[in-house]
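Single-letter residue listing:
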Amino acid sequence: MTQNETVRFQVEGMSCASCVGRVERALQALPEVTGATVNLANETAQVSHDGSLSAAGLAAVLKEAGYPAVTDEATLEVQNMTCASCVGRVERALKAGAGVLDAAVNLATETATVRFAAGATTPAELAALATAAGYPAQPKSSVQNNAEERKVEEARQLARRTLFAAVLALPVFLIEMGSHVIPGMHEFVAGAVGMQTSYFLQFLLTTIVLFGPGLQFYTKGFPALLKGAPDMNSLVALGTSAAYGFSLVSTFAPSLLPAGTANVYYEAAAVIVVLILLGRLLEARAKGRTGEAIRKLVGLQAKTARVERGGEIAERAVEDIVVGDIIHVRPGEKIAVDGVVLSGSSYVDESMITGEPVPVQKSAGSEVVGATVNGTGALTFQAAKVGSDTMLAQIIRMVEQAQGAKLPIQGLVDRITAWFVPAVMAVAVLTVAVWFLFGPDPALSLALVAGVAVLIIACPCAMGLATPTSIMVGTGRAAEMGVLFRKGDALQLLQESTVVALDKTGTLTAGRPELTDLILAGGQVEEEVLRLVAAVEKSSEHPIAKAIVAAAEARGIKLPDADSFDSITGFGVQASVGGRQVLIGADRFMEREGVALDALAGQSDALASKGKTPLYAAIDGRIAAVIAVADPVKPTTPGAIDALHRLGLKVAMITGDNAVTAQAIASDLGIDHVVAEVLPEGKVAALDNLRADGSKLAFVGDGINDAPALAAADVGIAIGTGTDVAIETADVVLMSGDLNGVVNAFAVSQRTMRNIRENLFWAFGYNTLLIPVAAGVLYPFGGPLLSPVLAAGAMALSSVFVLTNALRLRWIKPAAGKHHVVIRGPKAALQSAPAE
C-alpha cells in the first residue's frame, strides 16, 4: 500500500495569481496528486501524492507548465563501497529521498553527485540516507545554489537590468514626453536632430530595452498565450508589442496608416518595461523581508563544531556531522546538534527551549539540544540527531509549512484569477474596437493608447500577493511570539471563533499539584495508607500521582513495587501492593466498584469548595481515606481570561475534575461556563453543545485526554508544555504554558485576517476602478485618457502597496505580556517567555 508523501519545490517564473493557478492546475491534473498548494510570496509549491510519483516526474510537470523547479546539486563522500552492487544500493537509497531528481555514484572516486529540488532536502539529509543504507557518507560540498543566496543574486541582477533599462529609456521619455510638457521642446528636437532622426534614436534605444532587460516578458508571455493560458507576462508582452509595433509602422512605413495617425509610442513601451522591472525589484526586496522569521531561526544554529573521529579532533561544519560523532564543546560555545553527554559537567542555557532563565546542569547521560549554549564547563557528547532530525530543523520545517498554507479565503482569489487575465484581454480588444469605431480623430492612436493601458494596468500581481504575503509575515511574527499555526485554515478559523473552551489541569493551572490533605477512615494508619497509595501512583504519569509520590518521599517512606497496575481513563487507577488491592480515584470510581464512602462522603464537597481536588482511596474493598490535592492557578491565567473577554470571546472550562472544585476555580477566574466530571469523549460532546448555535469554537488543552477534544474543535490549541499526542492533534501550538499565548494567537489571527482583507480590497478595488479609467470611459466627460506609462506605474505600485501593508504585521505587539523568541520541544516550534 502506498503512503502519502509531500514534496516541496521552489518554482521559477511565477509573477501573478494566474501563474499560481496554472501551476496548481498542472500538478492537480495528475491522478496520483492528493493536494497541491502554491505560494507566490515565497515562490514554493507543496505537492502531496500517494507515494507513486517521483520528484523528477513532478519537476517535469512543472517544466512543461512553464514554471521549472529550482534545482541544487551536492557531492557526498561515501565510504565502504566495494563493487557495482554497492553503487546500485547507494543510488537507490539516494533516489528514494524527498525531492531527489537524480543521483550518480562513482565507485572510483567514492563520491555521489545528487541533483535535487531546492528546498526539498539538504546535503546532510542525503548523507543520512546513504549512511542508513550501510554506506557512511558526509557532504563534500555545500549546496551550490543556496535559496537565500539565489534570491539575493536574483535581486542584484534585477537591479542591474532595471538600472540599464532606465538609463536607455530616459532619453526616449524626455524626447517624446518632453515635447508635450516643455514649451519649445518639440521645435528644439525638430531643429537640432530632425523628427525622423529622433524617431530612429527612440527606435534604437527602445529596441535594446525591450529585447535586453525586457526580453523575459516575451519569452514567457507569448508561449503562455499560445498555450491558451495567458498570464501577467502575456499582458505586458501584448501591451508593449502593440505600442512598439505601431511605432515601427509610424517610423518606417507611415503611409500604411490613415493620415494624421502616424504617431510613435516608443516611450510607452520602454518606460512600461522599466516601471514593471522596478516594481518587481521592490517586490523582491519586500519578499525578502517576509521570510525574516525563518532566517532568525536558521541563525540560532551553530555553524561549526569540534568533532572527534579516529582519535583526532577537528573543526567541521555542522552539516558534516553524522550520527555517532563525538563532539567536544568548550565553555560558552553553542551545542551543534542533539545528543547525549558522554563526559564532563556543565550548566547549559536552555532558555530558547524551555523559557526558563536558570541554566540546566548536564553530566554523563544527560540529553543536550542543538543551538543551546554551554556554560562554564566542558562537555563531550555523542550526536544522536543531525540534519533534519534535530529539534531546530523540525521547528524550521513546521514554520515553513505554516507560511506556505492556503486559507479558505484564497479560494475566492483563485476562482477570480482563473478567468481574470482572459477577461482583461477581452476588455482590451473591446476597448480598441470601440475607440476605433466611435472615437474622435486620431481614433487609431487613441484606441491603441487605451487598449495598451487596459492590458498594463490590469496585471493581477497584487491579487496573487495579497494573501500569501500576509500569511508569511503573520505566521512568522506569531512564531516569534510563541504561537505556531500548524494547519493552514486555523489562521482564518481562529479569527472566526466566538467561544474558547479551556481544559483545567496544566492549562488554567500549573499542572504541578501538591498534596494538601489526607483524611483517614476509622481504623486506618496515615503512613501505611500513604505508602500503599503512593506505591500505586508511582506507576502513573498523572500530575496528581506525582504529587502524592512526592509527598510520600518527602516523609522518607520507602515505596514498594505495585503489581497488576491498571489505569481506567476518566475514573482512576488500581493495583496490587504486597497482596493488598488498592483503588484510587474519583467518587464515581468508588461507586462503580461498589465501595461505600461512609463518613468520608461529606468531606469531598468541603474540600472541593476550597478549589482542591478530592480523591478517594480504598484498600481491600473498604474506603481508607480521602486525599486532597491542590493545583495552583498560573499567575498569568486571570489576566489572560480578562483579555479574552475583552476580545469579545465567551470563555468555558471543560474538565474531568470534581464539579464543586471546577466551579470554585471558575468563579474566581470569571469563567462564563463550566462543564465538569466529564470523560475524554464527554469533552467532545460538551464542545458540540457549546457550538450548537453554529458558532466557531477553539479548545485549549495539554494532555492525552484532551486529544479527542483538540481534534473535534474548529481550532485545537495545544499548550506546548503538554504531551506529544496533544501537540500532534492540535491546529495551533503555544510554546509555553502561559495562557497569554491564547490571547496572542487570537490577536495575530485577527490582525492577519484584517490585513488580508485590506490587501484583497485594494487589489480588487484597484482593478475594478482603474480598468474603466484606462479604457477611457471618463474621456467623453472631460476626464483623462490614462497613459500606458501611468498605468504601468500604478500597476507596479499596487503590488508594492500590498507587500508593504503585509510587512506591517512584523510589528504586531504581544497582546499580553512581553515575549522573546525561544524554542520548544521536538513537535513544536517557538516558545514565548517573559523578557528579562
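Residues numbered from 1 in each chain as written. Predicted model: local features only at pLDDT ≥ 70, side-chain atom pairs only at ≥ 80, totals over all residues. Heavy atoms only, no water.

Looking at an unreviewed UniProt entry, one finds the protein chain named Heavy metal translocating P-type ATPase, with Leisingera aquaemixtae as its source organism. Its UniProt record gives the protein chain the following Sequence similarities (unreviewed entry) comment, quoted word for word: "Belongs to the cation transport ATPase (P-type) (TC 3.A.3) family. Type IB subfamily." (UniProt positions renumbered as here; feature names shortened; annotations may be inferred.)

Peer 1: What is the right way to look at the overall build of the protein chain in this model?
Peer 2: Along the backbone of the protein chain there are 29 helices and 31 strands. Classification of the 836 residues of the protein chain by burial places 54% in the buried group. Long-range pairs, those at least 24 residues apart, make up 69% of the contacts in the protein chain with a sequence separation of at least 6. (Helix = DSSP H or I, 4+ residues; strand = E, 2+ residues; numbered from the N terminus. Buried < 20%, exposed > 50% of the residue type's maximum accessible area, 1.4 Å probe, protein only. Contact = heavy atoms within 4.5 Å.)

Peer 1: When you look at the UniProt feature "transmembrane region" (unreviewed entry) in the protein chain in this model, what are you seeing that I'm missing?
Peer 2: Under the UniProt annotation, the feature "transmembrane region" (unreviewed entry) is placed at residues 163-182, 188-211, 232-252, 264-282, 416-438, 444-467, 760-779 and 785-803. End C-alpha atoms of residues 232-252 are separated by 30 Å, and the span's content is 100% helix alongside 0% strand. Here residues 785-803 runs as 84% helix and 0% strand, with 28 Å between its end C-alpha atoms.

Peer 1: When you look at helix H2 (residues 55-64) in this model, what are you seeing that I'm missing?
Peer 2: For an α-helix, the turn length of 3.6 residues means that residues three or four places apart are oriented alike. Listed in full, the buried residues belonging to H2 are Ala55, Leu58, Ala59, Val61 and Leu62. The arc that holds every buried residue of H2, seen down its axis, measures 155 degrees, which confines them to one face. Opposite the packed face of H2, turned more than 90 degrees from it, sit the exposed residues Lys63 and Glu64. At its buried positions, H2 is contacted by strand E1 (5-10), helix H1 (17-28), strand E2 (33-39), strand E3 (44-49) and strand E5 (100-106). Backbone geometry just downstream of H2 places Gly66 in the positive-phi region, at approximately 95 degrees. (Arc of directions from axis to C-beta.)

Peer 1: Which parts of the structure should I look at to understand the packing of helix H16 (residues 461-480) against helix H29 (residues 788-807)?
Peer 2: Two quantities define a packed helix pair, namely the angle between the helix axes and the distance between the axes. At a closest axis distance of 8 Å, the pairing of H16 and H29 adopts a crossing angle of 15 degrees. By the criterion of interaxial angle, the relationship of H16 to H29 is roughly parallel. Remark: the crossing between H16 and H29 carries right-handed chirality. For the pair H16 and H29, the contacting residues are Cys461, Ala462, Leu465, Ala466, Thr469, Ser470 and Val473 in the first and Met795, Ser798, Ser799, Val802, Leu803, Ala806 and Leu807 in the second. Class assignment for the residues of the contact of H16 with H29 results in 10 nonpolar, four polar and no charged. (Axes fitted to C-alpha atoms, helices over the stretch in contact; angles between N-to-C directions. Parallel < 35°, antiparallel > 145°, perpendicular 65-115°, else oblique. Left-handed = near helix turned anticlockwise from the far one by under 90°. Nonpolar A, V, L, I, M, F, W, Y, C, P; charged D, E, K, R; others polar.)

Peer 1: How should the sheet that holds strand E14 (residues 367-368) be read in this particular structure?
Peer 2: Two pairing modes exist for strands in a sheet, parallel and antiparallel, and in both the strands are linked by backbone hydrogen bonds. Strand order in the open sheet formed by six strands is E9-E8-E10-E16-E11-E14, with antiparallel pairing between adjacent strands. The open sheet terminates on both sides in strands that have one partner only, identified here as strand E9 (312-317) and E14. Note: strand E11 (residues 338-344) against strand E16 (residues 379-385), six bridges, orientation antiparallel. From the neighbouring strand, Val341 faces E16, where its bridge partner is Phe381. (Pairing = 2+ DSSP bridges.)

Peer 1: So what exactly am I meant to see when it comes to the environment of Asp587 here?
Peer 2: Mapped onto the fold, Asp587 is located in helix H21 (residues 587-592). A residue is classified by how much of its surface remains accessible, and Asp587, at 22% relative accessible area, is partly exposed. The spatial distance from the C-alpha of Asp587 to the C-alpha of Tyr616 is 6.5 Å, given a sequence separation of 29 residues. Once residues within four sequence positions are removed from consideration, Asp587 is found in contact with Leu597 and Tyr616.

Peer 1: For this particular structure, what's the right way to read the pairing of strand E8 (residues 304-309)?
Peer 2: On a regular strand, one side chain projects to one face of the sheet and the next to the other, so that they alternate. In the sheet, E8 pairs with E9 via six bridges, with the strands oriented antiparallel. Considered in E9, the bridge of Val307 is made with Ala314. Hairpin remark: E8 followed by E9, antiparallel, with two residues in the connecting loop; positive phi at Gly310, about 60 degrees. Relative to strand E10 (residues 326-329), E8 runs antiparallel, the two being bridged by three bridges. Paired with Val307 across the bridge in E10 is Ile327.

Peer 1: Where do I start with empty space enclosed by the protein in this structure?
Peer 2: One water molecule sets the probe size; rolling that probe over the atoms shows where empty space is left. Applying the stated rule across the entire model yields four cavities of 30 Å³ or more. The volume enclosed by the second largest cavity comes to roughly 40 Å³. Contributing to the lining of the second largest cavity are Met232, Ile276, Gly279, Arg280, Glu283, Cys461, Met795, Ala796 and Ser799. At four residues, the largest contribution of residues to the lining of the second largest cavity is made by helix H10 (residues 266-290). Here the lining of the second largest cavity is composed, by residue class, of five nonpolar, two polar and two charged. (1 Å grid on protein atoms, 1.4 Å probe; cavity = no way out; pocket = protein on both sides within 12 Å on 5 of 7 lines; lining within 4 Å. Points joined across faces, edges and corners; volume = space filled by probe spheres on them.)

Peer 1: For this particular structure, what's the right way to read the nonpolar core?
Peer 2: As a rule of thumb, soluble globular proteins bury nonpolar side chains together. If you look at the biggest cluster of nonpolar residues, it comprises 143 residues, and the most contacted ones within it are Phe9, Met14, Leu27, Phe485 and Val500. With 14 residues, helix H28 (residues 740-775) is the largest single contributor of residues to this core. Apart from the residues lying within four places of it in its own chain, the contact partners of Phe9 are Glu43, Thr44, Ala45, Val47, Ala55, Leu58, Ala59, Leu62, Ala69, Ala117 and Ala118. Within the second largest apolar cluster, 28 residues are counted, among which are Ala534, Val536, Ala562 and Val573. (Core = buried A, V, L, I, M, F, W, Y, C linked by side-chain atoms within 4.5 Å.)

Peer 1: Explain the sheet that holds strand E13 (residues 360-362) here, please?
Peer 2: Taking strand neighbours across the sheet as the criterion, the three strands line up as E13-E12-E15 in an open arrangement whose pairing is antiparallel. Bordering the open sheet on either side are E13 and strand E15 (373-374), each of which pairs with just one other strand.

Peer 1: Any chance you could explain the packing of H16 against H28 here in plain terms?
Peer 2: Remark: H16 packs on H28, axes separated minimally by 9 Å, with the N-to-C direction vectors making an angle of 165 degrees. As summarised for this structure, H16 and H28 are arranged roughly antiparallel, according to the angle between their axes. For the crossing formed where H16 meets H28, the hand is right-handed. Seen from H16, the contacting residues are Ala462, Met463, Ala466, Thr467, Thr469, Ser470, Ile471, Gly474 and Ala478; seen from H28, they are Val748, Thr752, Asn755, Ile756, Asn759, Leu760, Ala763, Phe764 and Asn767. Here the contact of H16 with H28 is composed, by residue class, of 10 nonpolar, eight polar and no charged.

Peer 1: Looking at this structure, I do not really get the side chain of Ser234. What am I missing?
Peer 2: Looking at the element boundaries, Ser234 is found in helix H9 (residues 232-252). Owing to a relative accessible area of 1%, Ser234 belongs among the buried residues under this scheme.

Peer 1: What exactly am I supposed to notice about the pairing of strand E22 (residues 580-585) here?
Peer 2: Pairing of strand E21 (residues 572-577) with E22 involves six bridges; the strand directions are antiparallel. Each residue of the ladder has a partner; that of Gln574, found in E22, is Leu583. Sheet analysis places E22 next to strand E23 (residues 613-619), joined by four bridges and oriented antiparallel. Opposite Val582, over in E23, you have Ile619 as the bridge partner.

Peer 1: Just checking my understanding: could you explain the environment of Val274 for this structure?
Peer 2: Looking at the element boundaries, Val274 is found in helix H10. Relative accessible area serves as the criterion here: at 12%, Val274 is assigned to the buried category. Distance in space between the C-alpha atoms of Val274 and Phe164 is 9.0 Å, their sequence separation being 110 residues. Filtering out sequence-adjacent residues up to four positions away, Val274 remains in contact with Thr162, Ala165, Ala166 and Ala169.

Peer 1: It is not clear to me how the pattern of salt bridges should be interpreted in this structure. Could you clarify?
Peer 2: If charged atoms from side chains of opposite charge come close, those side chains can pair. For the structure shown, the criterion picks out 13 salt bridges. A salt bridge links Glu528 to Arg580; the nearest nitrogen and oxygen atoms lie 3.7 Å apart. Taken together, the positions of Glu528 in helix H19 (residues 526-537) and Arg580 in strand E22 put the pair 52 residues apart, joining distant regions of the chain. Of the charged contacts, one joins Arg580 and Asp620 as a salt bridge, the two residues approaching to 3.2 Å between their closest N and O atoms. One end of the pair, Arg580, is in strand E22; the other, Asp620, is in the loop between E23 and strand E24 (622-630), and 40 residues separate them in sequence. Residue class for Arg580 comes out partly exposed when judged on its relative accessible area of 31%. Each of Glu528, Arg531, Arg580 and Asp620 takes part in salt bridges that share partners, so that together they form one network. (Salt bridge = Lys/Arg side-chain N within 4 Å of Asp/Glu carboxyl O.)

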